[in-house]
Amino acid sequence: MTKTPRNFFKPLAIGAPVPYRELPVKVERMIHFFPPQNEKMRAKVPEMAAKVDVLLGNLEDAIPADAKEAARAGFIEVARAHDFGATGLWTRINCLNSPWVLDDITQIVAAVGDKLDVMMLPKVEGPWDIHYLDQLLAQLEARHGVKKPILIHAILETAEGVKNVEAIAAASPRMHGMSLGPADLAASRGMKTTRVGGGHPFYGVLEDARADSGARTLFQQDPWHYTVAKMVDACVSNGIKAFYGPFGDFSDAAACEAQFRNAFLLGCVGAWSLHPSQIDIAKRVFSPDVNEVAFAKKILDAMPDGSGAVMIDGKMQDDATWKQAKVIVDLARQVAAKDPELAALYGF
Ligand code: GLV
Ligand code: MG
């Protein structure tokens, strides 16, 4: 059962802000994770916030059980202390069946609800998880006079979640988007890998046998292709954003870049950075390529009303390729508005 269209967009508590009809337009190429219980990291927050599109205080996995309260308190402290300007401020709360999550939600909304853009919810299994958080956030927003709705970002990281991905994406107007979580998802599905994202040397297609019986090459395949594509369709058809999540091997920048780029090409708008070196990788990958932007601009210029057929550099262009070009140019404009260096390169 789904709600009627009118009811879908009503606030879930009297006095809560009205849900957005469309997501606020924001460039979110990387969601940079930091551990808020760590004093040294807290001191670096202004420096980090200046470099990234989104800064996220992590309260869930990777935060030791005995540091959960300190992480929450540390997040509240930094959220209060700084003005984040155009940089998004997010937190990843603990999962819904954990002993910490109720305090995560209630204390954070009470203390810094007006500063928080997005709450990331891990291990989402179905729309019921979103409905629970949606209602609770509305009640807390009303109680604490929060003026703009706090959005929900789901992590897609269980087999059941992937099965229900469309219903999760459609669960509430509070949905911001989704990230693929390859570590938990691999565990949940029983995938036989200890890696966090990327390829696997055993997952591939073996070249045909050779007449000379010579050694055959195994061409590695992308084990995340199906899930990323499924997530993108679920998100984009519901007007929300898809992200690739973490890449665990900090020493392999090239593999991280390849994973991010596959996600970008398939429709994702950003990825997580867990290490400072991954910030620039994400910035590079999720900002459209300068040559691609130049070519896309040529297409738009050659077809001012977006219809008909023309040849550009020997390639056929029509109404559909005009739309493809518009995807690239629209994104380039958003990135350019934020990044003067790229604006110059794009020629805006
Ligand atoms: C992220 O949370 C993951 O499990 O990969
Ligand atoms: Mg996880």
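Each remark here, short or long, concerns the structure printed above.
Values in this document were obtained by computation on a predicted structure and should not be read as measured data.

A. Just the packing of helix 13 (residues 290-302) against helix 14 (residues 319-338), in detail. In contact at an axis separation of 8 Å, helix 13 and helix 14 are set at 125 degrees when each is read in the N-to-C sense. By the angle between their axes, helix 13 is oblique relative to helix 14. Crossing of helix 13 against helix 14: the hand is left-handed. Taking contact as the criterion, the partners of Glu292, Val293, Ala296, Lys297, Ile299 and Leu300 in helix 13 are, on helix 14, Thr321, Trp322, Ala325, Lys326, Ile328, Val329 and Ala332.

B. Examining the site of ligand 1 more closely. Around ligand 1, the neighbouring residues are Arg92, Glu157, Gly181, Pro182, Ala183, Asp184, Pro246 and Trp272. Backbone polar atom of alanine 183 to an oxygen atom of ligand 1: 2.8 Å apart, as the coordinates give it. Within the backbone of aspartate 184, an N or O atom sits 2.8 Å from an oxygen atom of ligand 1. Surface burial for ligand 1 is 93%, taken as the share of its 190 Å² of free accessible area covered by protein chains. Ranked by the residues each element gives to the shell around ligand 1, the list is headed by helix 9 (residues 182-189), at 3 residues. Across the shell around ligand 1, the residue classes tally to 4 nonpolar, 1 polar and 3 charged.

C. How the structure looks around helix 4 (residues 68-81). When the terminal C-alpha atoms of helix 4 are compared, their 20 Å separation across 14 residues agrees well with the 20 Å that a helix rising 1.5 Å per residue should span. All of the buried residues along helix 4 are Lys68, Ala71, Arg72, Gly74, Phe75, Ile76, Val78 and Ala79. Buried-residue contacts for helix 4 involve strand 1 (30-34), helix 2 (39-43), helix 3 (45-51), strand 2 (54-58), strand 3 (88-92) and helix 5 (101-112).

D. Structural detail: the layout of surface pockets. Its boundaries defined by the atoms lining it, the largest pocket holds a volume of some 1,200 Å³. Lining the largest pocket are 43 residues, and of these Phe264, Cys268, Val269, Val327 and Leu331 sit closest to its centre. Mapped by element, the contributors of at least two residues to the lining of the largest pocket are strand 9 (241-244), helix 11 (253-266), helix 12 (277-286), helix 13, helix 14 and helix 15 (340-346). The greatest single-element share of the lining of the largest pocket, amounting to 9 residues, is contributed by helix 14. Residues of the lining of the largest pocket, tallied by class, amount to 23 nonpolar, 5 polar and 15 charged. Looking at the second largest pocket, its volume works out to about 400 Å³. Lining the second largest pocket are 24 residues, with Lys3, Phe8, His131, Ala171 and Ser172 positioned closest to its centre. With 6 residues, helix 6 (residues 127-144) is the largest single contributor of residues to the lining of the second largest pocket. Here the residues of the lining of the second largest pocket sort into 15 nonpolar, 4 polar and 5 charged.

E. Representation of the pattern of salt bridges. Taken as a whole and assessed by the stated rule, the structure comprises 21 salt bridges. With a shortest N-O distance of 3.4 Å, arginine 42 and glutamate 77 are connected by a salt bridge. Residue arginine 42 is found in helix 2, and its partner glutamate 77 is found in helix 4; the two are separated by 35 residues along the sequence. Residue classification places glutamate 77 among the partly exposed positions, given a relative accessible area of 45%. For glutamate 207, the salt bridge goes to arginine 210, with nearest N and O atoms at 3.3 Å. Among the charged side chains, a network of salt bridges with common partners joins Glu60, Asp61, Arg92, Lys123 and Asp184.

Rules behind the numbers
Within every chain, residues take consecutive numbers counted from 1 along the sequence as written. To read the labels, note that chains go from A and ligands from 1, taken in the order they are written. In keeping with the model being predicted, local features are shown solely for residues with a pLDDT of at least 70 and side-chain atom pairs are shown and tallied solely at 80 or more, while totals for entire chains, interfaces and linings include all residues. Side-chain measures here rest on the full set of heavy atoms in the structure, leaving out hydrogens and waters. Helix axes are fitted to C-alpha atoms over the stretch in contact, other axes to C-alpha atoms as well, and angles between N-to-C directions run from 0 to 180 degrees. Helix and strand assignments follow DSSP, with helices taken as H or I runs no shorter than four residues and strands as E runs no shorter than two, numbered in order from the N terminus. Comment on the angle field: the value is read as roughly parallel under 35 degrees, roughly antiparallel over 145, roughly perpendicular from 65 to 115, and oblique elsewhere. Handedness of a crossing is defined here by the sense of rotation of the near helix relative to the far one, left-handed for an anticlockwise turn of less than a right angle and right-handed for a clockwise turn. Throughout, a contact is declared for two residues whenever any of their heavy atoms are within 4.5 Å. Working definition: residue near molecule or strand if any one of its non-hydrogen atoms lies within 4 Å of it. Whenever a nitrogen or oxygen atom comes within 3.5 Å of another N or O atom, the pair is scored as a polar contact, on the condition that within protein one atom can donate a hydrogen and the other can accept it, and that pairs from neighbouring residues in sequence are kept only if both atoms are in side chains. Computed with a 1.4 Å probe, the accessible areas rest on the Shrake-Rupley method; for each residue, only the protein chains presented here act as cover. Any residue outside Ala, Val, Leu, Ile, Met, Phe, Trp, Tyr, Cys, Pro, Asp, Glu, Lys and Arg is labelled polar, Gly included; the first ten of those are nonpolar and the last four are charged. Given the number of residues in a helix, its expected span is that number minus one, multiplied by 1.5 Å. Remark: exposure states derive from per-residue accessible area (1.4 Å probe, protein chains only) relative to the maximum for the residue type, with buried under 20%, exposed over 50%, and partly exposed in between. A pocket, in this scheme, is an open set of points on a 1 Å grid over the protein atoms alone with protein on both sides within 12 Å along at least 5 of 7 lines, while a cavity is a set where a 1.4 Å probe fits but cannot get out; residues line either one if an atom lies within 4 Å of a point. Grid points are joined across faces, edges and corners, and a volume is the space filled by probe spheres set on the points. One speaks of a salt bridge when a side-chain nitrogen belonging to Lys or Arg is within 4 Å of a carboxyl oxygen belonging to Asp or Glu.

All quantities given are derived from atomic positions and should not be read as evidence of function.
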